[in-house]
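# Working through the structure, step by step
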Protein chains: 2
Amino acid sequence: MADPEYRLAVVDLLAALAYGELTAFERLADDGSFAPTVADKAALAAMAVAEYNHFSVLRDRLGELGVQPYEAMQPFMPALEDFHERTTPRDWLEGLVKAYVGDGIATDFYREVSAYLDEDTRRLVLQVLEDTGHSAFAVERVRAAIEADPRVAGRLALWGRRLVGEALSQAQRVAAERDALAALLVGGVAHRGADLAEVGRMFARLTENHTARMATLGLSA
Amino acid sequence: MADPEYRLAVVDLLAALAYGELTAFERLADDGSFAPTVADKAALAAMAVAEYNHFSVLRDRLGELGVQPYEAMQPFMPALEDFHERTTPRDWLEGLVKAYVGDGIATDFYREVSAYLDEDTRRLVLQVLEDTGHSAFAVERVRAAIEADPRVAGRLALWGRRLVGEALSQAQRVAAERDALAALLVGGVAHRGADLAEVGRMFARLTENHTARMATLGLSA
């Protein structure tokens, strides 16, 4: 934390993650309006609350680092809001696939990045990445829906591809705008980060995991 | 609780209140998408989480009463979903007015009804009616918006009238469908409830409080 550029990168990382949790909260709560039963609505609400709790832990840490948390998050608002606006689910199943696939990629990404962090920050990041139970819920519901009507698989597979495309385009935007954060990833900050070859391998791993998750849902990536 | 009709009315009351809290959670989280700043979004999220916690207290009590909570809530889903569908806010201010006015009427109503309940149930109802801080937040924001542009007052006053109209029409629907609950209100259950004259006075009080709330916002009722 003594290195000011590293500190800047950590603030950016925690702020992006915090705002991501806040929008995840909002999205899960919103998807509740598609829920076919009260039990499903309540289950989504419980997961949304877990995301909110992660958000508040990150917000508090940003405060401890001496920054105004909401100001630190503000730069990530446009990319995340645009992502969600361009990928608003039209129904219950699209919402579940988005939550599962989107959270999965985000979790993988932050887990990879956590390797380049100091011990304290890494522990915090891994804590808030903890699965809120949404994965098993989404997998179970999507698989059951495909079993009941195999034709939905094609539509949902296309939807999954669109989600990844939009996520990548917003991630590139963030990387272009936030130098310290990008530098953390490619070894520019105190040589903590990966070199470009390692970044390439990281993207290969993210893609591989995404393909595996789509297969778990019963969908082709 | 020994009186089966009274018990039925209490289950209905707690189930309606629980489902109301769950939709309040959803609505507040959803309104967050209109929030002009990250701080506003986070404030709404915190209030939504407080509503969820109220919901979970009521759900647990329903379980203790030996009923399946989600089944008990299901009958109230159509009226509450229709209400929210017919009164979807189009912007930040409509969302704030709806939350303030809607929660106000609901809180007043349940407080009135709590007079006819046994001690344990009354304590629980009053506990979950506790203000989550949303009122002060909404009043402050709406008044500031009217000060900045007095023309919004006319539109928001009309919006307030529409909210009351839709709420009354859904309340009538619930009263017509749920005999035990309606009987609790008009003295049919073990003579606990009010007589019709008292129901009339209760509606007068609800209307009066609503008018006062609109005035607090700077709006004519």
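Note that the structure is predicted; figures quoted are calculated from it, not measured. (Residues numbered from 1 in each chain as written. Chains lettered and ligands numbered in written order. Predicted model: local features only at pLDDT ≥ 70, side-chain atom pairs only at ≥ 80, totals over all residues. Heavy atoms only, no water.)

### Quick notes on helix H5 (residues 92-114) of chain A
If you check H5 of chain A, its first and last C-alpha atoms are 32 Å apart, about what 23 residues at 1.5 Å a residue would give, namely 33 Å. N-capping of H5 of chain A is provided by aspartate 91 of chain A, with a side-chain oxygen placed 3.2 Å from the backbone N of leucine 93 of chain A. (Helix = DSSP H or I, 4+ residues; strand = E, 2+ residues; numbered from the N terminus. Expected span 1.5 Å × (residues − 1). Polar contact = N/O pair within 3.5 Å; in protein donor to acceptor, adjacent residues only side chain to side chain.)

### Some words on the pattern of salt bridges
Using the criterion set out here, one finds 38 salt bridges over all chains in the structure. Arginine 151 of chain B is the partner of aspartate 149 of chain B in a salt bridge, and the nearest nitrogen-oxygen pair spans 3.0 Å. Here aspartate 149 of chain B falls in the partly exposed class, since its relative accessible area comes to 23%. With relative accessibility at 70%, the residue arginine 151 of chain B sits in the exposed group. Here arginine 173 of chain B ties to glutamate 177 of chain B by a salt bridge, and the two come within 3.9 Å at their closest N and O atoms. Of the two residues, arginine 173 of chain B and glutamate 177 of chain B both sit in helix H8 (residues 152-177), 4 residues apart, roughly one turn of that helix. For glutamate 177 of chain B, a relative accessible area of 48% gives the class partly exposed. Residues joined in a network through salt bridges with shared partners are Arg90, Asp91, Glu94 and Arg155 of chain A. (Salt bridge = Lys/Arg side-chain N within 4 Å of Asp/Glu carboxyl O. Buried < 20%, exposed > 50% of the residue type's maximum accessible area, 1.4 Å probe, protein only.)

### Remarks on the packing of helix H2 (residues 38-64) of chain A against helix H7 (residues 134-148) of chain A
The axes of two packed helices give the description: the angle between them and the distance between them. Residue and element names in this part refer to chain A. At a minimum axis distance of 10 Å, the contact between H2 and H7 shows a crossing angle of 150°. Judged by the inter-axis angle, H2 sits roughly antiparallel to H7. Classified by chirality, the crossing of H7 by H2 is left-handed. From H2, Asp40, Ala43, Leu44 and Met47 reach across to H7, where they touch His134, Phe137 and Arg141. Taken together, the residues of the contact of H2 with H7 sort by class into 4 nonpolar, 1 polar and 2 charged. (Axes fitted to C-alpha atoms, helices over the stretch in contact; angles between N-to-C directions. Parallel < 35°, antiparallel > 145°, perpendicular 65-115°, else oblique. Left-handed = near helix turned anticlockwise from the far one by under 90°. Contact = heavy atoms within 4.5 Å. Nonpolar A, V, L, I, M, F, W, Y, C, P; charged D, E, K, R; others polar.)

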